[in-house]
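Reading the structure
What follows is each chain in one-letter form.
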Number of protein chains: 2
Amino acid sequence: MEFKISKDLISRFEQLIETRQDSELESILNELHHADIAEILDELDFEQATYIFRVLDSEKTAEILLELEDDLRENILNRLSPKEIAEELDELETNDAADIIAELSQSKKEEVISELQDVEHAKDIVELLRYDENTAGGIMHKELVKVNENWNVLTCVKQMRIQAENISRVHSIYVVDDEDRLKGRLSLKDLLTTSTKTPISDVYISKLNFVKVDTPDVEVARIMQKYDLEAIPVIDELGRLVGRITIDDIVDVIKDEADKDYQLAAGISQDVEADDSVWELTKARLPWLVLALLGGFITVHVLKLFEAAMADHGTLFFFIPLIAAMAGNVGVQSSAIIVQGLANDTLSGSLFNRLLKEISLSLLNGLILAGVLLLGTHFLLGVDSVIGMIVTIALVSVIVIASLIGTFVPLLLNKAGIDPALATGPFITTSNDICGIMIYFTIAKLILGF
Amino acid sequence: MEFKISKDLISRFEQLIETRQDSELESILNELHHADIAEILDELDFEQATYIFRVLDSEKTAEILLELEDDLRENILNRLSPKEIAEELDELETNDAADIIAELSQSKKEEVISELQDVEHAKDIVELLRYDENTAGGIMHKELVKVNENWNVLTCVKQMRIQAENISRVHSIYVVDDEDRLKGRLSLKDLLTTSTKTPISDVYISKLNFVKVDTPDVEVARIMQKYDLEAIPVIDELGRLVGRITIDDIVDVIKDEADKDYQLAAGISQDVEADDSVWELTKARLPWLVLALLGGFITVHVLKLFEAAMADHGTLFFFIPLIAAMAGNVGVQSSAIIVQGLANDTLSGSLFNRLLKEISLSLLNGLILAGVLLLGTHFLLGVDSVIGMIVTIALVSVIVIASLIGTFVPLLLNKAGIDPALATGPFITTSNDICGIMIYFTIAKLILGF
């Protein structure tokens, strides 16, 4: 059953395209799921992909368009006329259509909208384009089933059948008043098990979760996960039901958010992928590297301050990477755990308790590592025991300080309303490098008195 | 509408508990969603939480149990008798009940199972306990609606009503033959719009996605996301329908997987949270720190090899943290992008093209940073121009090498069937520290000839 892409498959398609065997192509592709076809198109070159795209009818290509990688979709959209694009969009759900229109240039956008055949659909799409993409309004769709509180179950079932024609998944039936204000919901199951004459106002459940059009998408995701919802209605400022968000939209929000945090922790500041252009990737990576480089300048200055040690205690300098690496790693560990706790809303307890815990945790880690280090300096590295002791004391101090920085910087950023994920990765490693080296040489200076 | 936890709310509950106002407690809590009650219990101390737990009836507490943090749940389960636990489990869906039983000790497990009242439910739970938790069998539940291919739509609707009683979300109706082998599916919508006398064999869709009990959970997640499924049936070795996985189970898989990759990138090797015990956190963090420490030992050795430079070219040593930091950051950036590409299945093209791209990307980054560095060494740091040149050449070389290591180590691990996420974080920074410093001093030695 499972579709598997292979080199053989791709070269078979290449051959069919080259020999222009349209009917053969069509019959093979019609057996495949649109997500599988998109995978195949992503592997072909642009000309071949466009060729296949034109062989298929718009019902299929519209779905494929959604699944393509960004650059291929952009390329194909550039080659299609506004009328052709509008034909694709007429086949799509409102939010998917709006997402595609949002990718077009301003002038093409207007042309495409004017070519849309279904006026209601066009109105819905234009409405969706108004909302910020990171809000409930930006991820909701207009497709939903709603019934009036004054109807009975029979009217409701009839209406539902009509409305459900255009909706792939019904989930809940929303109940509104004459002004379209959201009053409650009906479950499909309740409807199946209730007498047809019952008035809706008797059976609907008035307690339900909803969000407003301007609720941030991550907040919608949090609510839907917490209450285990498969769909949530969206209301406007006047309480009117304007759309619905389903769990599959939320899966994308969760994945995007996790990907973003992961990238920030790795020092990548935009939503990029391995297959993006060198220029896009550079824009995402370079700022963090410049930050790290400037941090490096500071460490050069710090080390200069301790230049005097070089003559008699040169060995001290051999341990710089060790101290810096430990400071960086400990800091990243601490900050990652806090950032994840903040993202998943699992942090509890007071700041003071967290301070105590972080100190005991880092002391425990530090002392175990100090043992390894003492043995290592003595048996493996053969450095003199005073230097060994200095490095060991420095290691424990650096671990404690680095873990405190790693813990409290994201907490402070979060309090200040700044994304705490910024404080993982290069930011933490750079500041901990600097602190670590200062602590290390200060301890050395106090003990050796150079 | 939105529930918000606050200090006032918590202290109100503490007071109600202290003064034993059970009926007041009950009436407040019955208005709240079980997920909200779980949040409150997590904030109370253990005695108070258990008190509230006993005030509520098992229908509510069973759901709460699922939402609690691990240690509180463990504590409460320890205080309940096998009979009391069985009462909770009788209220839960099969997979949730199995998850809770899996947390119990072997002896308690058997006692609890023998106390379960609903024999069918007990059989289902025991069956689920057999499967590995990271497979389709481990995340599926037994609750689903299935109909026989030999029935007609009317029988089917009647049967569905009976079966749907115990199921919170119907999604699809699966069609099986007399041997319980999966044949296809019916959508609720089709059923609503088809005449009642039609035989099921005429209306069911035989093309459907399914997974086997031993399919890995991340693979199930990939399939459900790719084909945009809200539920997928699970079959056993004989093709018999044995369970169903819904999209909300998959949301957890996706989140867990993203959390795991994030933690590995930060050098945390187990599934821990900020609120876990110091000991749990140490077990997750220490191994990576030991790895970094051993890497540090190697850098000490490497630097010793270049000890001769110290007398005349001490300034070289001031740039160690800068070079090491740049090597580490570039390596983490490159590896993170590959790990994410592998996880999201978005990597395409040949290895050779990736090599070319990574080299051009790192050269572009490297040359821009080299410009900043040259200006910095001259104007900010005032080091002599030969040293400035050495550091600059080393920087560009280190960036190229580090990005190649960062790119290809995860690709190789993935080819070898090892989780590529292991190659982010401390592993990459440590190996890049070592390589970076070796490259830097080798270049210095070639130019200065010490």
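Because the structure is a prediction, the values reported are computed rather than measured. (Residues numbered from 1 in each chain as written. Chains lettered and ligands numbered in written order. Predicted model: local features only at pLDDT ≥ 70, side-chain atom pairs only at ≥ 80, totals over all residues. Heavy atoms only, no water.)

Turning our attention to the pattern of salt bridges. All names here are of chain A. All chains considered together, the criterion is met by 36 salt bridges over all chains. Two residues, Glu-127 and Lys-142, come together in a salt bridge whose shortest N-O distance is 2.8 Å. Of the two residues, Glu-127 is situated in helix H10 (residues 119–129) and Lys-142 in the loop between helix H11 (136–139) and strand E1 (145–148); the sequence distance between them amounts to 15 residues. The residues Glu-127 and Lys-142 share a single accessibility class, namely buried. One continuous salt-bridge network, built from bridges that share partners, spans Glu-257, Lys-260, Asp-261 and Asp-419. (Salt bridge = Lys/Arg side-chain N within 4 Å of Asp/Glu carboxyl O. Helix = DSSP H or I, 4+ residues; strand = E, 2+ residues; numbered from the N terminus. Buried < 20%, exposed > 50% of the residue type's maximum accessible area, 1.4 Å probe, protein only.)

Before going further, it helps to examine the relation of the copies chain A and chain B. Rotating chain A by 180° and moving it 0.0 Å along the rotation axis overlays it on chain B with an RMSD of 0.1 Å. The symmetry that links the two subunits is that of a two-fold axis. (Least-squares fit on C-alpha atoms with pLDDT ≥ 70 in both.)

Counting residues in each nonpolar core, the largest one holds 128 residues, and the members touching the most others are Leu-41, Ile-245 and Ile-250 of chain A together with Leu-41, Ile-245 and Ile-250 of chain B. Residues within four places of Ile-245 of chain A in sequence aside, it is in contact with Ala-136, Ile-139, Met-140, Val-211, Val-220, Met-224, Glu-230, Ala-231, Ile-232, Val-234 and Ile-250 of chain A. Membership of the second largest hydrophobic core comes to 81 residues, among which are Ala-309 and Ala-394 of chain A together with Ala-309 and Phe-319 of chain B. (Core = buried A, V, L, I, M, F, W, Y, C linked by side-chain atoms within 4.5 Å. Contact = heavy atoms within 4.5 Å.)

Our next topic: the domain arrangement of chain A. All names here are of chain A. By the assigned domains, chain A splits into domain 1 (7–134), domain 2 (145–246) and domain 3 (278–448). Centre-to-centre separation of domain 1 and domain 2, based on C-alpha positions: 31 Å. With 5 residues of domain 1 at the contact, the number on the domain 2 side is 6 residues. When the two sides are added together, the surface that domain 1 and domain 2 hide from each other amounts to roughly 360 Å², 39% of it contributed by carbon and sulfur. When the buried area of domain 1 at its contact with domain 2 is split by residue, Glu-93, Tyr-131 and Asn-134 rank highest and sum to 83% of it. Our count for the domain 1 to domain 2 interface comes out at 0 salt bridges. Taken together, the residues of the side of domain 1 that touches domain 2 break down into 1 nonpolar, 1 polar and 3 charged. (Domains from an automatic or database assignment. Buried area = accessible area lost by both parts, 1.4 Å probe. Nonpolar A, V, L, I, M, F, W, Y, C, P; charged D, E, K, R; others polar.)

Moving on to the sheet that holds strand E2 (residues 172–176) of chain A. Residue and element names in this part refer to chain A. Reading across the sheet, the 3 strands line up as E1-E2-E3 and stay open at both edges, with mixed pairing between neighbours. Single-partner strands in this sheet number two, and they are E1 and strand E3 (182–187). For this sheet, the mean inter-axis angle between neighbouring strands, taken without regard to orientation, is 35°. In terms of strand pairing, E2 meets E3 through 5 bridges, oriented antiparallel. (Pairing = 2+ DSSP bridges. Axes fitted to C-alpha atoms, helices over the stretch in contact; angles between N-to-C directions.)

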